[in-house]
Amino acid sequence: IDDLIDAVYSSKKLPNNSVLLTFDDGYSDHYENIFPILVKEKISGCFFPIANPIIHNTVSEVNKIHFILAAMKSFDGLKAEIFNILDILRSEGLEIEPNQILYNSLAEKGRYDGSVVIFFKRLLQHKLDKDLRSIILNKLFYKYVTDDEIGFSTSLYLNKEKISEMLKFGMSFGNHTMSHPWLNKIK
């Protein structure tokens, strides 16, 4: 990374066929599987963890979404389950657009995902208010994945000790935001 920074801000030239290895989100897998290879090959890498999981032992919303979807045996009931949760929240006095309007505005078949999955992702990544998203995500995460978010987080992400060790071996670190939001959807 230092060579790249020097090339950007000074006249230093990078060698032909230069490569910069970057790893996002700060998974413990990077420490367990990538880091040993980089050390063995005497290569440095740049790691960009999400800060909240490391500081507060939380699971990022985007990862909660991924793990909920991975735990689902099928997506047939997902739409109905989300609609049911939204109906309950409305009955508690929260102002939320009607289910079908939400679905029609967000659901479309994607390149890799069906319309229900696209609806689920868009609804819980940016459409709803952050507090409302958290309520729904936590309900589904605790039901389908685990109710031990701290334990799950500590096994999923890097921690300060692992980061310190990686730094000693010449790895570089930056920040991949506090919580991994869709930056173009922040209001």
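Structure first, text after, so check above.
Below or above, wherever it landed, is the structure these notes cover. Keep in mind the model is a prediction, meaning the values are calculated, not measured.

### Let's talk about the side chain of E61
You can see E61 is positioned in helix α4 (residues 61–71). Within the structure, E61 has its side chain in polar contact with the side chain of S134 (distance 3.3 Å). Apart from residues lying up to four places away in sequence, E61 is in contact with L124, K130, R133, S134 and L137.

### Quick look at helix α9 (residues 149–156)
Inspection of α9 places E149, F152, S153 and L156 among the buried residues, and these make up the whole buried set. Down the axis of α9, the sector holding all buried residues measures 100°, keeping them to one side. The exposed residues of α9 that point more than 90 degrees off its buried face are I150 and S155. Here the buried face of α9 lies against α2 (28–40), α3 (51–56), α4 and α8 (130–144).

### With respect to unusual backbone geometry
Phi angles above zero are rare outside glycine, and D25 is one such case at about 85°. Its relative accessible area of 12% is what places D25 among the buried residues. One non-glycine residue with positive phi stands out, namely N57, at about 55°. Residue placement: N57 occurs in the loop between α3 and α4.

### Re the nonpolar core
Formed by 32 residues in total, the largest nonpolar core has its most connected members in L86, F119, F120, L123, L124, L128 and I136. Every residue in contact with L86, bar those within four places of it in the chain, is listed here: I96, N99, L102, L123, L128 and I136. Grouped together as the second largest cluster of nonpolar side chains are ten residues, Y31, L38, M166 and M171 included.

### Digging into the sheet that holds strand β1 (residues 22–25)
Spatially, β1-β2-β3 is the arrangement adopted by the three strands of the open sheet, whose pairing is parallel. Whereas interior strands pair on both sides, the edge strands pair on one side only; in this sheet they are β1 and β3 (172–173). Here strand β2 (residues 46–49) pairs with β3 via two bridges, running parallel. The partner of F47 across the bridge, within β3, is F173. The strands touched by α2 are β1 and β2; relative to β1, the strand with the most contacts, the crossing angle is about 170°.

### Here we look at the pairing of β2
For a regular strand, side chains alternate in direction, first toward one face of the sheet and then toward the other. As judged from the four bridges shared by β1 and β2, these two strands associate in the parallel manner. Bridged to T22 within β2 is C46.

### Focus: the pattern of salt bridges
Charged atoms that come close allow side chains of opposite charge to pair. A complete count under the given rule lists nine salt bridges for this structure. For E61, the salt bridge is made with K130, and the minimal N-O distance between the two is 3.6 Å. Within this pair, whereas E61 is found in helix α4, its partner K130 is found in helix α8, the two being separated by 69 residues in sequence. On the accessibility criterion, E61 (17% relative accessible area) is buried. As a salt-bridge pair, R90 and D87 come within 2.8 Å of each other at their nearest N and O atoms.

### Describing a nonpolar patch on the surface
Side chains of L4, I5, V8, Y9, L14 and L20 sit close together on the surface and give an oily, nonpolar patch of about 580 Å² of accessible area. Here L20 lies in the loop between α1 (2–9) and β1.

### Some words on α8
Spanning 15 residues, α8 covers 21 Å between terminal C-alpha atoms, matching the ideal 21 Å at 1.5 Å per step. When we look at burial in α8, the residues that qualify are L132, R133, I136, L137, L140 and F141. The arc that holds every buried residue of α8, seen down its axis, measures 155°, which confines them to one face. On its buried face, α8 sits against α4, α5 (78–91), α7 (115–127) and α9. Measuring from the side-chain oxygen of the N-cap residue of α8 to the backbone nitrogen of D131 gives 3.0 Å; that N-cap residue is D129.

Reading the values: rules and limits
- Residues numbered from 1 in each chain as written.
- Predicted model: local features only at pLDDT ≥ 70, side-chain atom pairs only at ≥ 80, totals over all residues.
- Heavy atoms only, no water.
- Helix = DSSP H or I, 4+ residues; strand = E, 2+ residues; numbered from the N terminus.
- Polar contact = N/O pair within 3.5 Å; in protein donor to acceptor, adjacent residues only side chain to side chain.
- Contact = heavy atoms within 4.5 Å.
- Buried < 20%, exposed > 50% of the residue type's maximum accessible area, 1.4 Å probe, protein only.
- Arc of directions from axis to C-beta.
- Core = buried A, V, L, I, M, F, W, Y, C linked by side-chain atoms within 4.5 Å.
- Pairing = 2+ DSSP bridges.
- Axes fitted to C-alpha atoms, helices over the stretch in contact; angles between N-to-C directions.
- Salt bridge = Lys/Arg side-chain N within 4 Å of Asp/Glu carboxyl O.
- Patch = residues over 30% accessible without salt bridge, like charges linked within 9 Å, V, L, I, M, F, W, Y side chains within 5 Å.
- Areas by Shrake-Rupley, 256 points an atom, 1.4 Å probe, with all protein chains shown as cover.
- Expected span 1.5 Å × (residues − 1).

Remember that the coordinates give geometry; whether it matters functionally is a separate question.
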